[in-house]
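Geometric and topological summary
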Amino acid sequence: GLSGRDPGMRGAVARFQEERKRQQAYMAKDKLAREVQGLEVAKIKSMFERLQEHASFEDDVCTFVRSATNIRMLLLKLVQENAMKDSHQVDDVVQLDKDGKNLTKENREFVLKEACRSMDDACSRLSSILESEVQSWLTNLSKGEETLLHVMMPGFHATLRRVLEQLRIGTRFTRAVHKLWHESADGGYYRCTPLGLFMQRIS
């Protein structure tokens, strides 16, 4: 056979050398990737990527914020209307918003109950995700990972604890909303006289 120095083998030798360079580059890249994966920064990055790609986490956050906003607005409006009705400053008429949608007391009560249910569900799911995935991950950090996390995100542990506490408060808040409901012959109403009078004063 022909040797590698033979002029007729130059093309084959060049192709072999080029392929060898590609393989060496691939092996070097793969080795670097494995080494990087073992670094503290890569482990921290991987955790937050998993959280970002979680199937329902972002939707649950949006649901929680939207429901909390709706509860606040609707509850304040209902207790204000009840206080005004008690003081004979408003009659029970149908009110329409700017789009012509019916915003009667009954509709507001229905939407408020649905918002409370959605908020409870979101609180439960978010608490489960943060406790089972993030909090458990934090407890298993190495000393180096803990140090790096503190440099990159100072106060993360305390922030997580506050968020979990707020989620627990959220469930207690919806229970408090239910306690403001009073049954009556005409169906019932939400009543909190001090809050209703305060809203009446500032509106």
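Preceding block: the structure.
The following refers to the structure shown. Quick caveat, the model's predicted, so the values are computed rather than measured. (Residues numbered from 1 in each chain as written. Predicted model: local features only at pLDDT ≥ 70, side-chain atom pairs only at ≥ 80, totals over all residues. Heavy atoms only, no water.)

Right, let's get into the pattern of salt bridges. Summed over the entire model, instances satisfying the criterion amount to eight salt bridges. We note a salt bridge from R117 to E114, for which the minimum N-O separation is 3.0 Å. Here R117 and its partner E114 are both found in helix α4 (residues 105–139), three residues apart, which amounts to about one turn of the helix. Since its relative accessible area comes to 44%, R117 is described here as partly exposed. Judged by relative accessible area, E114 falls into the partly exposed class, the value being 31%. (Salt bridge = Lys/Arg side-chain N within 4 Å of Asp/Glu carboxyl O. Helix = DSSP H or I, 4+ residues; strand = E, 2+ residues; numbered from the N terminus. Buried < 20%, exposed > 50% of the residue type's maximum accessible area, 1.4 Å probe, protein only.)

At a minimum axis distance of 9 Å, the contact between α4 and helix α6 (residues 156–179) shows a crossing angle of 155 degrees. In terms of orientation, α4 lies roughly antiparallel with respect to α6. As for how α4 packs across α6, the hand of that crossing is left-handed. Here α4 contributes L112, C116, M119, D120, C123, L126, S127, L130, E131, V134, Q135 and L138 to the contact with α6, which in turn contributes F156, H157, L160, V163, L164, L167, R168, G170, T171, T174, V177 and H178. Taken together, the residues of the contact of α4 with α6 sort by class into 14 nonpolar, seven polar and three charged. (Axes fitted to C-alpha atoms, helices over the stretch in contact; angles between N-to-C directions. Parallel < 35°, antiparallel > 145°, perpendicular 65-115°, else oblique. Left-handed = near helix turned anticlockwise from the far one by under 90°. Contact = heavy atoms within 4.5 Å. Nonpolar A, V, L, I, M, F, W, Y, C, P; charged D, E, K, R; others polar.)

Let us now look at the nonpolar core. Core analysis: the largest hydrophobic core is formed by 32 residues, its most contacted members being L112, V134, L138 and Y190. Counting residues per element, the ones that place at least two in this core are α2 (40–52), α3 (57–86), α4 and α6. When residues in this core are grouped by element, the largest group, twelve residues, is from α4. In this structure, Y190 is in contact with L75, L78, V79, N82, E109, L112, K113, V177, L180 and W181, ignoring residues within four places of it in sequence. (Core = buried A, V, L, I, M, F, W, Y, C linked by side-chain atoms within 4.5 Å.)

Bringing α6 into the picture now. Over its 24 residues, α6 extends 35 Å from the first C-alpha to the last, a length consistent with the 34 Å expected when each residue adds 1.5 Å. When we look at burial in α6, the residues that qualify are F156, L160, L164, L167, G170, T174 and V177. (Expected span 1.5 Å × (residues − 1).)

Time to look at the packing of α2 against α4. Direction vectors running N to C along α2 and α4 enclose 175 degrees, while the axes themselves pass 11 Å from each other. Of the possible angle classes, the one that applies to α2 and α4 is roughly antiparallel. In this structure, α2 contributes K43, I44, M47, F48 and L51 to the contact, and α4 contributes I129, E133, V134 and W137. Taken together, the residues of the contact of α2 with α4 break down into seven nonpolar, no polar and two charged.

To continue, consider the environment of H54. Along the polypeptide, H54 turns up in the loop between α2 and α3. Judged by its relative accessible area of 24%, H54 falls in the partly exposed class. Each C-alpha atom of the pair H54 and I129 lies 9.2 Å from the other, and the pair is 75 residues apart in sequence. Look past the residues within four positions of H54 in its chain and what remains in contact with it is I129 and E133.

Applying the stated criterion across every chain yields a total of two aromatic pairs. Measuring from ring centre to ring centre gives 5.6 Å for F48 and F156, while their planes differ by 80 degrees; the resulting arrangement is edge-to-face. Of the two residues, F48 is situated in helix α2 and F156 in helix α6; the sequence distance between them amounts to 108 residues. Pairwise contacts between aromatic rings join F48, W137 and F156 into one cluster. (Phe/Tyr/Trp six-rings, centres within 6.5 Å; stacked < 30°, edge-to-face > 60°.)

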